[in-house]
Amino acid sequence: MKRTPVTRAVTALTALGLAALAAGCTSSAPAPGSTAGSGATAASSGPSSADNAPSSNAAATLQPLPTEVAANLQPYYAQRLSWHSCDSGFQCTTFKVPLDYSDPAGGDITLSAVRKPATGQGIPRIGSLLVNPGGPGGSAVDYAEYAAMSFPTVVRAAYDIVGVDPRGVARSAPVKCLSDAQMDAFTAVDTTPDNQADVDKLVAADKTFAKACQAQSGKLLAHVSTVESARDMDVFRALLGDAKLHYLGKSYGTFLGATYAGLFPSKVGTMVLDGAMNPSLNAMQLNSQQAGGFEVAFDAFAADCVKRSGCPLGTGTVEQAGAKLDAFFHSLDSKPLPTGQSRQLDEALGTTGVISAMYDQTQWPDLRLALTAAVDNGDGKALLALSDQYYERGPDGTYSNLMYANSAVNCLDLPPAATSPDQVRQEAPTYEKASPQFGTTLAWGGLTCAYWPVAATGAPHVIPAKGAAPILVVGTIRDPATPYAWAQGLAAQLDSGSLLTYDGDGHTAYSRGSSCIDEAVNSYLLEGRVPPKGTVCH
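Predicted, not measured: the structure shown is a model, and the values here were computed from it.

Peer 1: Before we move on, could you go through the overall build of the protein and cite the residues and values that matter?
Peer 2: Helix and strand content of the protein: 17 helices and 10 strands. Residues counted as buried form 61% of the 538 residues belonging to the protein. Partitioning the intrachain contacts of the protein with sequence separation of at least 6 by distance along the chain shows that 76% fall at a separation of at least 24. Approximately 18900 Å² of the protein is accessible, and the part contributed by carbon and sulfur atoms is 53%.

Peer 1: Before we move on, could you go through the packing of helix α8 (residues 283–305) against helix α14 (residues 421–434) and cite the residues and values that matter?
Peer 2: Two quantities define a packed helix pair, namely the angle between the helix axes and the distance between the axes. Where α8 meets α14, the closest approach of the two axes is 7 Å, and the angle between their N-to-C directions is 25°. By the angle between their axes, α8 is roughly parallel relative to α14. Handedness of the α8/α14 crossing: right-handed. Counting all contacts with α8, which are made through Met284, Asn287, Ser288, Ala291, Gly292 and Glu295, the residues of α14 involved are Glu427, Thr430, Tyr431 and Ala434. Grouping the amino acids of the contact of α8 with α14 by side-chain chemistry returns four nonpolar, four polar and two charged.

Peer 1: Could you give me a rundown of the pairing of strand β1 (residues 84–87), with the residues and numbers involved?
Peer 2: Bridge analysis of β1 against strand β2 (residues 90–98) gives three bridges, and the strand direction is antiparallel. By the bridge assignment for β2, serine 85 is matched with glutamine 91. A loop of two residues connects β1 with β2, the two strands running antiparallel in sequence, and serine 88 in this loop sits at a positive phi of about 50°.

Peer 1: An account of the nonpolar core is needed here, citing residue identities and associated values.
Peer 2: In terms of nonpolar packing, the biggest core is built from 152 residues, with Phe236, Met271, Phe328 and Leu525 touching the most fellow members. The element best represented in this core is α8, accounting for 11 residues.

Peer 1: Go over the packing of aromatic side chains with me, naming the residues and quoting the values.
Peer 2: Note on aromatic pairs: each is described by the distance of the centres and the angle between the planes. According to the stated counting rule, one finds 17 aromatic pairs in the structure shown. Each ring, one from phenylalanine 95 and one from phenylalanine 236, has its centre 4.8 Å from the other, and the planes form 15°; the classification is stacked. Of this pair, phenylalanine 95 sits in strand β2 while phenylalanine 236 is found in helix α6 (residues 226–240), placing the two residues 141 residues apart along the sequence. Each member of the pair, phenylalanine 95 as well as phenylalanine 236, is classed as buried. Ring centres 6.3 Å apart and planes at 70° place the aromatic pair phenylalanine 294 and phenylalanine 438 in the edge-to-face group. With phenylalanine 294 in helix α8 and phenylalanine 438 in the loop between α14 and α15 (439–445), the pair connects residues that are 144 residues apart, well separated along the chain.

Peer 1: Describe the packing of α8 against helix α11 (residues 364–377), and please don't skip the residues or the numbers.
Peer 2: Interhelical geometry of α8 versus α11 gives an angle of 75° and a closest axis separation of 11 Å. Between α8 and α11, the angle falls in the class roughly perpendicular. Contacts between α8 and α11 involve Ala297, Ala300, Phe301, Asp304 and Cys305 from the former and Trp364, Leu367, Arg368 and Leu371 from the latter. Among the residues forming the contact of α8 with α11, the class breakdown is seven nonpolar, no polar and two charged.

Peer 1: Got a sec to walk through the confidence of the model for the protein? Specific residues and values, please.
Peer 2: Overall, the predicted model of the protein reaches an average pLDDT of 89, with 87% of residues at or above 70. Note that pLDDT drops below 50 for residues 1–65; the model gives that stretch 223 contacts with residues more than four away or on any other chain.

Peer 1: Talk me through the environment of asparagine 287; I want residue IDs and the actual numbers.
Peer 2: Topologically, asparagine 287 is positioned in helix α8. Judged by its relative accessible area of 2%, asparagine 287 is buried. Put simply, asparagine 287 and alanine 417 are 130 residues apart on the chain and 7.8 Å apart in space, counted from C-alpha to C-alpha.

Peer 1: So what's going on with the pairing of strand β7 (residues 268–274)? Which residues, and what values?
Peer 2: Across the seven residues that make up β7, a large majority, seven, are buried. As paired strands, strand β6 (residues 245–250) and β7 are joined by five bridges and run parallel to one another. When the sheet's bridge partners are listed, leucine 248 is paired in β7 with valine 272. Crossover β6 to β7 through helix α7 (residues 252–263) is right-handed. Pairing analysis gives four bridges linking β7 to strand β8 (residues 471–478), with the strands arranged parallel. Counterpart to valine 272 in the pairing with β8 is leucine 472.

Peer 1: An account of the sheet that holds strand β3 (residues 108–116) is requested, with residue identities and associated values reported.
Peer 2: Hydrogen bonds between backbone groups are what pair the strands of a sheet, and the pairing can be parallel or antiparallel. Ordered by their spatial adjacency, 10 strands build an open sheet running β1-β2-β3-β5-β4-β6-β7-β8-β9-β10, and the pairing between neighbours is mixed. With partners counted over all chains shown, the strands left at the sheet margins are β1 and β10 (536–537), one partner each. Of the strands in this sheet, β4 (127–132), β6, β7 and β8 touch α7, which is tilted by about 155° from β7.

Peer 1: Run through the pattern of salt bridges, naming residues and quoting values.
Peer 2: One pass over the structure, following the stated rule, counts 17 salt bridges. As a salt-bridge pair, aspartate 232 and arginine 167 come within 2.7 Å of each other at their nearest N and O atoms. With a gap of 65 residues between them, aspartate 232 in helix α6 and arginine 167 in the loop between β5 (159–164) and α4 (180–187) connect regions that are remote in the sequence. As far as burial versus exposure is concerned, aspartate 232 and arginine 167 are alike and both buried. In this structure, the salt-bridge partner of aspartate 503 is arginine 478, at a minimum N-O distance of 3.0 Å. On the criterion of sequence distance, the pair formed by aspartate 503 in strand β9 (residues 497–505) and arginine 478 in strand β8 is long-range, its members being 25 residues apart. For arginine 478, a relative accessible area of 25% translates into the label partly exposed. Taken together, the shared-partner salt bridges connect Asp184, Arg343, Asp388 and Arg393 into one network.

Peer 1: Before we move on, could you go through the state of the cysteines and cite the residues and values that matter?
Peer 2: One covalent bond between the sulfur atoms of two cysteine residues makes up a disulfide. Under the criterion given, the structure shown has five disulfides. Each disulfide pairs two cysteine sulfurs, and for cysteine 86 the partner residue is cysteine 92, the sulfurs being separated by 2.4 Å. Between cysteine 86 and cysteine 92, the disulfide has an S-S torsion of 90° and is therefore right-handed. Looking at cysteine 92, the relative accessible area reads 0%, which means it is buried.

Peer 1: Describe in detail unusual backbone geometry, supporting the description with residues and values.
Peer 2: Put simply, glycine 135 and proline 136 share a cis peptide bond, and its omega is -5°. Its place among the elements puts proline 136 in the loop between β4 and α2 (140–150). Positive phi is not limited to glycine here, since glutamine 121 has a value of about 55°. Structurally, glutamine 121 is set in the loop between β3 and β4. In this structure glutamine 121 comes out as exposed when scored by relative accessible area, which is 56%. Located in the positive-phi region is threonine 508, a residue other than glycine, with phi close to 75°. Considering the arrangement of structural elements, one finds threonine 508 in the loop between β9 and α17 (515–527).

Conventions used here
Residues numbered from 1 in each chain as written. Predicted model: local features only at pLDDT ≥ 70, side-chain atom pairs only at ≥ 80, totals over all residues. Heavy atoms only, no water. Helix = DSSP H or I, 4+ residues; strand = E, 2+ residues; numbered from the N terminus. Buried < 20%, exposed > 50% of the residue type's maximum accessible area, 1.4 Å probe, protein only. Contact = heavy atoms within 4.5 Å. Areas by Shrake-Rupley, 256 points an atom, 1.4 Å probe, with all protein chains shown as cover. Axes fitted to C-alpha atoms, helices over the stretch in contact; angles between N-to-C directions. Parallel < 35°, antiparallel > 145°, perpendicular 65-115°, else oblique. Left-handed = near helix turned anticlockwise from the far one by under 90°. Nonpolar A, V, L, I, M, F, W, Y, C, P; charged D, E, K, R; others polar. Pairing = 2+ DSSP bridges. Core = buried A, V, L, I, M, F, W, Y, C linked by side-chain atoms within 4.5 Å. Phe/Tyr/Trp six-rings, centres within 6.5 Å; stacked < 30°, edge-to-face > 60°. pLDDT = per-residue confidence, 0-100. Right-handed = clockwise from strand over helix to strand, strands pointing away. Salt bridge = Lys/Arg side-chain N within 4 Å of Asp/Glu carboxyl O. Disulfide = S-S within 2.5 Å.

Right, dumping it as structure tokens:
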């Protein structure tokens, strides 16, 4: 299972069940032939071979350039993708985009992509379905590999499943910050400070994190915004040979998709935004409302747990279970638990471990076992493992760049939720009211961007995307990370938005077990038909 963090970050992140797949697609794959710094991209030796590309897409790069493309961007739209087999029927490629769209001559960065050609099976090929799991910081290449093996058969038959790691993420000019040992220390810093000394340690950790990102990533930090990634998607759409972008985004991926629709409404084909974010909210609203989402999810978990014998949070009420969890977190603050390794389970890591399991109700049994081991037996190993999967920490102690990309994108997209510890203290009651269990953690997590070395370039805004084809927004009523109200808000502001509701638990809904949701989304992707207004799946 893949987890992306909400603590020490700004907005909701994705949490999706991803298979442990590797198509072997790396940044060393054949590039289209750009000279770094030139801003001009030369053509490769030719279109993909018939063996490595869907026949209907073989001459895609020979199509005329979009007339609206600015002259200084035309070399990027004129690249030819050179696909090569990477593993198990997947194909990989790389392509160039300008580091700075306002100065295309200032240099390039290389983005990595993967695809699985449409299986056909008697269904006409529609085009490429670009997928993104969210984050920001989640690997779309990894998610495409998962989607190409798990999405409904009819969708995989009609679409090439395609993923591009956004700029700053994984294989695409990744943002770099801390060493693995430094990251271990960073994730363990107390995010519920009890005194000024604790606050000072938290602030020092955030400043150290920001300075490390600046030192390791340099000018890239100023150019990993969602707007820039959306513009990258349009370059890639053209290189794929698709007149319209077909897209399925989850969690933060909904913000990326909606941003694309706002920039290029006439280029929207089918677009599914599942587990939606609301771009009109500021960082403090997003964080505090997300805290409420986690509270809703915890209450659902607790209501299930207390009905079972041996529930580590007791067999009383949901409120009593919450109080017992609070007491457990407080005990970790003063006495961390052993885990069988050099790291101990402190309050920050224990809280993250619980949050991790809130994303997917199928992990509730794992959380019960982990809490039983910790609360009843003083063993923090299982709860630490949940925290590690959340932060994408591997068994060998290495981290992906998830957290680094997450902060870099979020801190560019919105001004900070709080600019000082005093402001956090003022805002904390709002968070704590929304979530007695997790509110304080998310309140102090909003301080990270206060010390970021690059000022925000984005701000809260409404995205109407006037002129776009119908866009399907999917919302889950008890979604912990992207509250249902966000899906309602996004669907309402999109001129062509249509809301599909899942009355269920967990983060996002499509391809997660609901046949009702899957059938509605499939019909939209294959036939362009949105479900009737007010459709609710159970």
